[in-house]
Amino acid sequence: MPGPASPSPASPPHVVVVGGGIAGLAAAHSLLLARPEWAVTVLESSHQTGGKLRLGEVAGQRVDLGAESLLFRRLEAVDLARAVGLGGDVVHPSATAAAIWSRGHLQPLPPTVLGVPTTESLNATPSVLSARGRRRARLEKSLPAPHLGTDVAVGRLVARRLGAEVRDRLVEPLLGGVYAGRSDELSLAATMPQLWRELQNGGGGLLAAADRVRAQSPRSPATAPSPVFAGIVGGVGRLAEAVAHDVVRRGGVVRCSAAVRALEKTTTGWRVVVGAAAHPHEVLADAVVVAAPAVPAARLLSPVTPVAGAELGGIEYASMAIVTLAFRARDVTTELTGSGFLVPPIEGRAVKASTYSSRKWSWLAADLMVARCSLGRHRDEAELHRDDGELAAVATADLRDATGIGAPLVDALVTRWGGALPQYAVGHLDRVQRIRSAVDAVPGLAVCGAAFDGLGVAAVVASSAQAATQVIEHLDRPRQ
């Protein structure tokens, strides 16, 4: 972040941040941390901030309804939590080992790189893959190294190199759990950057590249694997609440139910049109950070930078639902192991993933067994047309079939996330570069959010810091 600005007798700059999800809140926080004298206004169209970081209650227990963990091997989100006073509440999961629900059984998830197996995982017993599938995957060692001059679809490359079973039973559930997408359409370069780099630079095929990536996993001085994920006591949703509070404490303004209708470039800065069409009002700004999802961002940016608008409009999104289920702990006689399970789409189940929240997070009430089930996948969202009661019943039935839980359900809560997850299609990184180049050509404009460099909270916070730095560098330049 640039150093302190030189004092100026002029009014301090005013920056408007469009979008009050964690991207917009983090951008506002970065701006005020670096330039506490500046005026910063966050405008959020909905009635609450936080975006995909949201808290709710099931059976009287406060739980996350959206994102529930932070990547700990990338510290941007954890550092933000510490900066807003939540450092003492950062915790690690009590259970991390996941399973795959395949062919009617829960099988341990073998070592993979987002589903791409390692040589070790092909020898695991029991295995998600059949003996035939493992033999087919091992044949990849005898194939010439792939020549990847341009981006490719993960699923297509995996099926060609390792066989369709590896794609269907491992890659699909892992990528589906993160992106709710289809591996035959998702970008290798964008979704698996480490693997992409190893394939380009390290030689060999997918198995060799996956072996090298796994070998690079950080380790503590005691040689034990360092934690991959972290959470926050009371839920990750607290992070958004704390950042919003800290933005206001530092002098920023956070407004909800303030939909931005248009952005207009002026000779001195920006005119931001806010509110209903019948009664709009204007907010003047020296710079604007657009932290909205790709679709509304495209609408706002198209008149200002048509290239960025068109590219943003080309990013597709998947809708999904989270069904949070609660049982009395004393009624659950089935022994649950690990943190949950993933479901290959080839199984034909409604649920694509389930998390045993009570096993994963020790801060949850001991008298409840709380589980989350995820439903919905890109272009396969028919299940989401069911009403809440039906969706909860379907999720409960799948959870019972997978785990054997026979306890009566105490409570259920359905949270629908329409158009929630951007799809990183083949060529996504090139698309992002074109967007950023177009935005960079417009003075006083920056963008950030999950549509660019990663869906995780850490990646989103990093993009917010980048946008804040861009705005600061622009406004710190001497005016001509």
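Residues numbered from 1 in each chain as written. Predicted model: local features only at pLDDT ≥ 70, side-chain atom pairs only at ≥ 80, totals over all residues. Heavy atoms only, no water.

### Let's talk about the overall build of the protein
Turning to step 1, where the next piece is worked out: Of the regular secondary structure elements, the protein holds 15 helices and 22 strands.
Turning to step 2, where the next piece is worked out: A compact globule built from 480 residues would reach a C-alpha radius of gyration of about 23 Å, and the protein, at 23 Å, matches this within 12%.
Turning to step 3, where the next piece is worked out: Out of the 480 residues in the protein, the part that is buried amounts to 54%.
Turning to step 4, where the next piece is worked out: Counting contacts in the protein only where the partners sit at least 6 residues apart, residues at least 24 apart contribute 73% of the total.
Turning to step 5, where the next piece is worked out: When the accessible area of the protein is evaluated, it comes to approximately 20,400 Å², of which 52% is carbon and sulfur surface.
Turning to step 6, where the next piece is worked out: The averaged location of the 43 negative side-chain charges in the protein is 4 Å from the averaged location of its 49 positive side-chain charges. (Helix = DSSP H or I, 4+ residues; strand = E, 2+ residues; numbered from the N terminus. Rg over C-alpha atoms; globule rule 2.2 N^0.38 Å. Buried < 20%, exposed > 50% of the residue type's maximum accessible area, 1.4 Å probe, protein only. Contact = heavy atoms within 4.5 Å. Areas by Shrake-Rupley, 256 points an atom, 1.4 Å probe, with all protein chains shown as cover. Lys, Arg positive; Asp, Glu negative; His and termini not counted. Charge placed at Lys NZ, Arg CZ, Asp CG, Glu CD.)

### What to know about the pairing of strand E16 (residues 287–290)
Turning to step 1, where the next piece is worked out: The side-chain alternation of E16 yields two buried faces, one formed by Ala287 and Val289 and the other by Val288 and Val290.
Turning to step 2, where the next piece is worked out: Strand direction decides the pairing type here: strand E1 (residues 14–18) and E16, joined by 4 bridges, are parallel. Its bridge partner being in E16, Val16 is matched across the sheet by Val288.
Turning to step 3, where the next piece is worked out: Alignment of E16 against strand E22 (residues 445–447), held across 3 bridges, turns out to be parallel. Among the inter-strand pairings, Val288 is bridged to a residue of E22, identified as Leu445. (Pairing = 2+ DSSP bridges.)

### A word on helix H3 (residues 131–138)
Turning to step 1, where the next piece is worked out: Taken as a whole, H3 has its buried residues at Gly133, Arg134 and Ala137. In an axial view of H3, the angular spread of the buried residues amounts to 100°, which keeps them on one side of the axis. For H3, exposure combined with an orientation more than 90 degrees from the buried face picks out Arg132 and Arg135.
Turning to step 2, where the next piece is worked out: In this fold, the buried residues of H3 make contact with helix H4 (154–162), helix H5 (164–179) and helix H8 (206–215). (Arc of directions from axis to C-beta.)

### So, the sheet that holds strand E15 (residues 281–285)
Picture the strands of a sheet paired through backbone hydrogen bonds; they go either parallel or antiparallel.
Turning to step 1, where the next piece is worked out: The strand order across the open sheet built from 3 strands is E13-E14-E15, with neighbouring strands paired in antiparallel fashion. For this open sheet the edge positions go to strand E13 (260–265) and E15, each flanked by a neighbour on one side alone. The mean angle between the axes of side-by-side strands here comes to 25°, regardless of whether they run parallel or antiparallel.
Turning to step 2, where the next piece is worked out: With 5 bridges connecting them, E13 and strand E14 (residues 270–274) associate as antiparallel partners. Bridge pairing in E14 links Glu264 to Arg271. (Axes fitted to C-alpha atoms, helices over the stretch in contact; angles between N-to-C directions.)

### Overview of the packing of aromatic side chains
Turning to step 1, where the next piece is worked out: A complete count under the given rule lists 3 aromatic pairs for this structure.
Turning to step 2, where the next piece is worked out: Aromatic pair Tyr179 and Tyr424: ring centres 5.5 Å apart, planes at 55°, arrangement tilted. Here the residue Tyr179 occupies a position in helix H5, and Tyr424 occupies one in the loop between strand E21 (409–422) and helix H14 (428–440), the gap between them amounting to 245 residues.
Turning to step 3, where the next piece is worked out: Tyr424 sits in the buried class, given a relative accessible area of 1%.
Turning to step 4, where the next piece is worked out: Members of the aromatic cluster, connected to one another through ring pairs, are Trp101, Phe341 and Tyr356.
Turning to step 5, where the next piece is worked out: Taking NZ or CZ as reference, Arg35 lies 5.9 Å from the ring centre of Trp38, over its face. (Phe/Tyr/Trp six-rings, centres within 6.5 Å; stacked < 30°, edge-to-face > 60°. Lys NZ or Arg CZ within 6 Å of the ring centre and 35° of its normal.)

### Observations concerning the packing of helix H1 (residues 22–34) against helix H15 (residues 457–476)
Turning to step 1, where the next piece is worked out: Interaxial distance between H1 and H15 falls to 8 Å at its minimum, and their mutual angle equals 45°. Put simply, H1 runs oblique to H15. When the axes of H1 and H15 are compared, the crossing they make is right-handed. Residues Ile22, Ala23, Ala26, Ala27, Ser30, Leu31 and Ala34 of H1 pack against Val457, Val460, Val461, Ser464, Ala465, Ala468, Val471 and Ile472 of H15. (Parallel < 35°, antiparallel > 145°, perpendicular 65-115°, else oblique. Left-handed = near helix turned anticlockwise from the far one by under 90°.)

### Focus on the sheet that holds strand E6 (residues 90–91)
Turning to step 1, where the next piece is worked out: Taking strand neighbours across the sheet as the criterion, the 3 strands line up as E5-E11-E6 in an open arrangement whose pairing is antiparallel. If you trace the sheet from one side to the other, it starts and ends with strand E5 (70–71) and E6, each paired once.
Turning to step 2, where the next piece is worked out: Judged from the 2 bridges that link them, E6 and strand E11 (residues 229–232) form a sheet pairing that is antiparallel. Among the inter-strand pairings, Val91 is bridged to a residue of E11, identified as Gly231.

### A closer look at the side chain of His29
Turning to step 1, where the next piece is worked out: If you trace the backbone, His29 turns up in helix H1.
Turning to step 2, where the next piece is worked out: Beyond its immediate chain neighbours, meaning those up to four positions away, His29 contacts Leu80, Ala83, Val84, Val243, Asp246, Val247 and Arg250.

By themselves these figures say nothing about function.
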